[in-house]
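# A look at the structure
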Amino acid sequence: MSPAPGHPANRGTGSTPDAWSLTARISPRRVVRAAAVDANGQPLNAYPLVHPLAGAQPWTPWAVHLTDPQGRYRLLCADLDAKPSAEAAAADATRLSSVLSELEMPHLVCASGPTGGRHVWLGLHESLDAEVVSALAYLLKAWLPTLDVAPLVNPTSGCVRPPGTPHRLGGVSQVIAGSLRALTDATVTTDQVHALMSRIAENVQLAAPSAAPPQHRPVAEANGMPFLPGTKRPLSAGCRALLNATPTGDLSAVLWRVLCGAAAARWRFSDIAAIADAPGLEHARTLRAGATRVPRPTSGPASPVAVLRRQWTRAVRTVAELAPGQPQEGTDASFELRAEVVAAIVRAVQHRADATPGRWGRSRAGLAQRRILDALCLFHLQAVRPDEVEADIRRLALTCGLDRETARRSLLALAADGWISRTRNAAGRRGARWTIDPGGVVHTRVSRTLSQADPRPAGTGPALRTALGTELVNRLRASALDAFATTGGLGLEAGSLYGRLADSLDSVQCSQLLGWSIEKTTRVLQRLGSVGLVEWRGSCWQRVADALDRVAVDRGTEGVGRRRADLYAEERALWAWWREELDLMRAGRLRKRRQRLRSQPRQGISWPMHPRRPDGKADFVAARHAMQRRSVAPNSSMSFRGTPKISSFSRLTFDALSPKSAPNRTGPGLPWTSHPQLERTRSFKNLHPGCPPTALFLTSGR
C-alpha cells in the first residue's frame, strides 16, 4: 500500500482531485501503482506499491495500468523519454501525432513533467492482445528512438502516469494537444490500430538501410500515379483467384498480393480503380468493427481511394526494386510467417541473453561470445530461417571485429553452455551450420503463441525482422570498429559497452547491461570519455560517433579490420583453389588438364594448376605467394581488399559490417613479397594474370 498521509514523501507532491477522478474513469483495473520513496523520503522512478481506486488519493505519484485483469490492453501510451533531449522527445511526439491525425485516431499528447518527456495516449474501444501491442511497440521503437517500450511489452505490470498526476521532480502531467475524451470515451478500433501498424511498418522498412535496394526496373507516372512501363498482360491465375474469390482471414494481405501481381503485370492505377468493387479489394472498401465490417469514410486518409492510392504506390515501388528473376513479393506465401517467427525467436534469445548480463561481462571471452551470439541471431534474420544458418569462423570474425580463432573458441563455448548447437559440420567449401534454438524449444513456444494471438496486419513480420536486424547491425558495427581493436585499441570491454549505448543511459543502466560493478562501469566510461567517444549530457551517457576515425589514427589501429578482411579473403581463395584441385583429381581429369594448360593460356573461370613440391604434395606456401604476387599485378582482376560486395552473402551483413565499408579503411596492405620457390615451380608458368573470380573467394567454409 502507499505511504500514510504523514509520510515525508507526501509533502508537496499532491495533485488536483480531477487527476484522481480521471484515473478512476480510465483505469482498466481497480488498483493503480504508486511510487516508492528513497531513504530521504523522495519519490523514486519506480512504482511497486499497489493503491486501490476506492481509497483516498495517493500522496506520491501514481501510474495507471494499461491492461485489464485478463492482460488485454485497454489503453495505449507512447512514453517518449527526454533523456537524449527534450527536443528529440517533442519531435517524436509530433511525428506520431501527425500519423494518428492522418488515420483519424483520437489521441491525447501530454508533457509528462519538467524534464520535457511526452506521453501520447490512445483509448481503445476494443481490447487488444498483448502480442499485437508488443509488435506495435517494437515497430514504434524502430521509428521513434526516444520511445520506452517497457509499458507496452509488459502486460502484467506495465503502467504510465495519467494526465494530471504529479511528477517526482515537481509539476504535473499536462495536456498539450487533444481532448480527454480520447480516454474517457474511447473510440479507437482494432482496425485502426492495424492501420497504424501498417503505416509504421512502411516507415520502418523505408528507413532501414537494407530496405532501400537499387531500383532494378524503371518507374513511370500517369496522372500522378506510378506504374511499371511495358505491355499490359493478364493477371496470373493465383492473382485472379484472390481477386475474384470472397476473401477470408487477413483482408489486407489479400489486397497486397493482388496489387503486387497487378503491378508486375504492368497494370496502371486506373485499371485497379476500374475494378474497385472486386471481392479481393474488400480491405480498401470497409473497416473491421468487431465481428463485422463497416464502410470506410468517403474522404480523408482512411477513404477507399486514399487506401488504394497509398497501397498501389507501395506495391509498384516494391516490385520495381526486385532484381530480375527474383520472385515478386507476395508470391511467397510463407515469407510473412517465416519473418514473424524468426524475429520472435531472435527476440526471445536476445531477451534471455540480456537477462543474464553476468554471463557475458565476467570476462573478455564472455564479451566475445555475446558478439558471436548476436551475429548468429543476425544471420538467422537475414536468412529468414528459424532452424539453422551457415556461419564460418571468418565471416563471424569479420562481423564481430574478432579474429577467427576467438570466433572458433566462442562457438564451442556457446555450444557447451547450450546457447547454440551445431547442426552440420563443415565439409568442403561449405561452412558449419548452427542454430540459436537447440532442440527447437523456442520455435515451438513462439509458434504456439503466435497461433493463439490476434491476427496482425500484413507487413508486420517483415518490418519486425528489419527493425531487429537493424538494431543488431548497428550494435555489431559500432563495437567492431578499428578504435576498439584488441591490440593497441581500446579493447573488447570498451567496444562492447560502446556498441550497447545506442540509447542514452546512466551509469547504473550501463552496469546492468554487462553485469559489471559501478566501479568498473565508471572506469570504462571514463576511458571512452577521455578519448571523446562518449559524453555526459544532462543525466545520461551518449555516444559521439564523429571521433572514431581520430581515435583509431591516434592509437595506430586504423586499417586493422581491413587488413584482417584482406587476409581472410586470401585464405578463402587459397582454400577454394585447393578444393578445385581435389575435385579435378577425383574426377580423373587432372592429367588431361595439365596437358591442356601447357599448350594454351587459362580461359574462362577455371583455376590454374595448384603448385606441388618435388614429391608431388601440395605446396601451400608457394600457392600463397603466387596468389599474392598476381593480386598486385597491374592487369590482375584478383583483389583481397576486404570482403567483396558481390559475394553471395547478404548485403545487410557485409555492406553494413565489413571493415571495407567502415570509415577506417585506409592504411598499409599486406606485405606482398615474392618467394624463391615460386620461380622453381613449373606449374605456375602458365598462370595467367586473370585470377579466380572474387565470388569464389567466399566459397570456403573453413
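The next thing to look at is the overall build of the protein chain. Along its length, the protein chain carries 27 helices and 18 strands. When the 702 residues of the protein chain are sorted by exposure, 53% land in the buried category. In the protein chain, the proportion of contacts linking residues at least 24 apart, taken out of those at least 6 apart, comes to 72%. Entry remark: accessible area of the protein chain is about 30,900 Å², with carbon and sulfur atoms responsible for 53%.

Attention now moves to the packing of aromatic side chains. What the rule picks out here adds up to 5 aromatic pairs. Ring geometry for tryptophan 20 versus tryptophan 62: centroids 5.3 Å apart, planes at 90°, classification edge-to-face. Pair noted here: tryptophan 20 is in helix H1 (residues 17-26) and tryptophan 62 is in strand E3 (residues 62-65), with a separation of 42 residues, a long-range link. The same class applies to tryptophan 20 as to tryptophan 62, namely buried.

Bringing the packing of helix H12 (residues 335-354) against helix H18 (residues 460-479) into the picture now. At their nearest, the axes of H12 and H18 sit 7 Å apart, and the two run at 40° to each other. When the axis of H12 is compared with that of H18, the two are oblique. Between H12 and H18 lies a crossing of left-handed hand. Side by side, H12 and H18 meet where Phe335, Glu336, Ala339, Glu340, Ala343, Val346, Arg347 and Gln350 of the first sit next to Thr460, Gly461, Pro462, Leu464, Arg465, Leu468, Glu471, Leu472 and Arg475 of the second. Considered class by class, the residues forming the contact of H12 with H18 number 8 nonpolar, 3 polar and 6 charged.

Quick look at unusual backbone geometry now. Unlike most non-glycine residues, arginine 266 shows phi in positive territory, near 65°. As for its position among the elements, arginine 266 is in the loop between helix H8 (251-264) and helix H9 (269-274). The exposure class assigned to arginine 266 is buried, which follows from its relative accessible area of 19%. Residues other than glycine seldom take positive phi values, yet valine 384 does so here, at roughly 55°.

Now for the packing of helix H14 (residues 364-383) against helix H15 (residues 393-400). Closest axis-to-axis distance for the H14/H15 pair is 10 Å, and the angle between their directions is 105°. What the angle tells us is that H14 and H15 run roughly perpendicular. Taken together, the residues of H15 that come into contact with H14 (itself represented by Arg371, Ile372, Ala375, Leu376, Phe379 and Gln382) are Arg395, Leu396, Thr399 and Cys400. Residues belonging to the contact of H14 with H15 are distributed by class as follows: 6 nonpolar, 2 polar and 2 charged.

Moving on: the sheet that holds strand E15 (residues 421-424). The antiparallel open sheet is built from 3 strands, whose spatial order is E14-E16-E15. Each edge of the open sheet is held by one strand with a lone partner, namely strand E14 (389-390) and E15.

Moving on: H15. Burial analysis of H15 places 8 of its 8 residues in the buried class, the great majority of the element. All of the buried residues in H15 are Ile393, Arg394, Arg395, Leu396, Ala397, Leu398, Thr399 and Cys400. Of the residues that open H15, the one with a side-chain oxygen 3.1 Å from the backbone nitrogen of arginine 394 is aspartate 392. Glycine 401 sits one or two positions beyond H15 and adopts a positive phi of about 75°.

The subject of this paragraph is the confidence of the model for the protein chain. The predicted model of the protein chain averages 80 in pLDDT, with 80% of residues at 70 or higher. Residue range residues 1-17 is modelled with pLDDT below 50. Its contacts to residues more than four positions away, or to other chains, number 37 contacts. Scored below 50 in pLDDT, residues 599-605 shows 8 contacts in the model against residues more than four places distant or in partner chains.

The end-to-end C-alpha separation of helix H6 (residues 190-207) is 26 Å, in line with the 26 Å expected for 18 residues at 1.5 Å each. Counting buried positions over the 18 residues of H6 gives 13, a clear majority of the element.

Turning next to the pattern of salt bridges. This model, assessed by the stated rule, comprises 32 salt bridges. Among the salt bridges present, the one from arginine 408 reaches glutamate 405, with a minimum N-O distance of 2.4 Å. Residue arginine 408 and its partner glutamate 405 are both found in helix H16 (residues 404-416); the two are separated by 3 residues, about one turn of the helix. A relative accessible area of 36% means that arginine 408 is categorised as partly exposed. Here arginine 475 and glutamate 471 are joined by a salt bridge, their closest N and O atoms 3.3 Å apart. In this pair, arginine 475 and glutamate 471 both sit in helix H18, 4 residues apart, roughly one turn of the helix. Classification of arginine 475 as buried rests on a relative accessible area of 9%.

Ranked by size, the top nonpolar core spans 96 residues in total, and within it Trp121 and Leu376 carry the most contacts. Core analysis: the next-biggest nonpolar cluster, separate from the first, contains 28 residues, Leu259, Ala278, Leu308 and Trp312 among them.

Okay, the pairing of strand E6 (residues 118-128) next. Along E6, 10 of the 11 residues are buried, which leaves the element largely enclosed by surrounding structure. Of the pairings in the sheet, the one linking strand E4 (residues 73-80) to E6 comprises 7 bridges and is antiparallel in character. Paired with tyrosine 73 across the bridge in E6 is leucine 128. Alignment of strand E5 (residues 108-111) against E6, held across 4 bridges, turns out to be antiparallel.

Moving on, we come to the sheet that holds strand E1 (residues 31-34). Pairing is antiparallel across the open sheet formed by 4 strands, whose spatial order is E2-E1-E3-E8. Edge positions in the open sheet fall to strand E2 (49-52) and strand E8 (159-160), since each of these has one partner strand only. Looking at chain direction, E3 and E8 are connected through 2 bridges and run antiparallel. In the sheet register, valine 64 faces E8, and the bridge partner there is valine 160.

What follows is about the environment of arginine 240. Summarising the element assignment, arginine 240 is placed in helix H7 (residues 237-244). On a C-alpha basis, the gap between arginine 240 and glycine 261 in space is 9.1 Å, while along the polypeptide they are 21 residues apart.

Under the counting rule described, the total for this entry stands at 0 disulfides. Distance from the sulfur of cysteine 540, which forms no disulfide, to the nearest cysteine sulfur (cysteine 510) is 9.1 Å.

Turning to the pairing of strand E18 (residues 540-543), a few remarks are in order. As defined by bridge partners, strand E17 (residues 534-537) adjoins E18 across 4 bridges and the pair is classed as antiparallel. Residue pairing for E18: valine 534 is matched across the bridge by arginine 543. Linking E17 back to E18 in an antiparallel pair, the connection comprises 2 residues, with glycine 538 at a positive phi of about 70°.

Right, let's get into the environment of proline 84. Mapped onto the fold, proline 84 is located in the loop between E4 and helix H2 (86-102). For the pair proline 84 and threonine 146, spaced 62 residues apart in the sequence, the C-alpha separation amounts to 7.4 Å. Apart from residues no more than four positions distant in its own chain, proline 84 is found in contact with Thr146, Ser504 and Gln542.

Reading guide: rules and limits
Residues numbered from 1 in each chain as written. Predicted model: local features only at pLDDT ≥ 70, side-chain atom pairs only at ≥ 80, totals over all residues. Heavy atoms only, no water. Helix = DSSP H or I, 4+ residues; strand = E, 2+ residues; numbered from the N terminus. Buried < 20%, exposed > 50% of the residue type's maximum accessible area, 1.4 Å probe, protein only. Contact = heavy atoms within 4.5 Å. Areas by Shrake-Rupley, 256 points an atom, 1.4 Å probe, with all protein chains shown as cover. Phe/Tyr/Trp six-rings, centres within 6.5 Å; stacked < 30°, edge-to-face > 60°. Axes fitted to C-alpha atoms, helices over the stretch in contact; angles between N-to-C directions. Parallel < 35°, antiparallel > 145°, perpendicular 65-115°, else oblique. Left-handed = near helix turned anticlockwise from the far one by under 90°. Nonpolar A, V, L, I, M, F, W, Y, C, P; charged D, E, K, R; others polar. Pairing = 2+ DSSP bridges. Polar contact = N/O pair within 3.5 Å; in protein donor to acceptor, adjacent residues only side chain to side chain. pLDDT = per-residue confidence, 0-100. Expected span 1.5 Å × (residues − 1). Salt bridge = Lys/Arg side-chain N within 4 Å of Asp/Glu carboxyl O. Core = buried A, V, L, I, M, F, W, Y, C linked by side-chain atoms within 4.5 Å. Disulfide = S-S within 2.5 Å.

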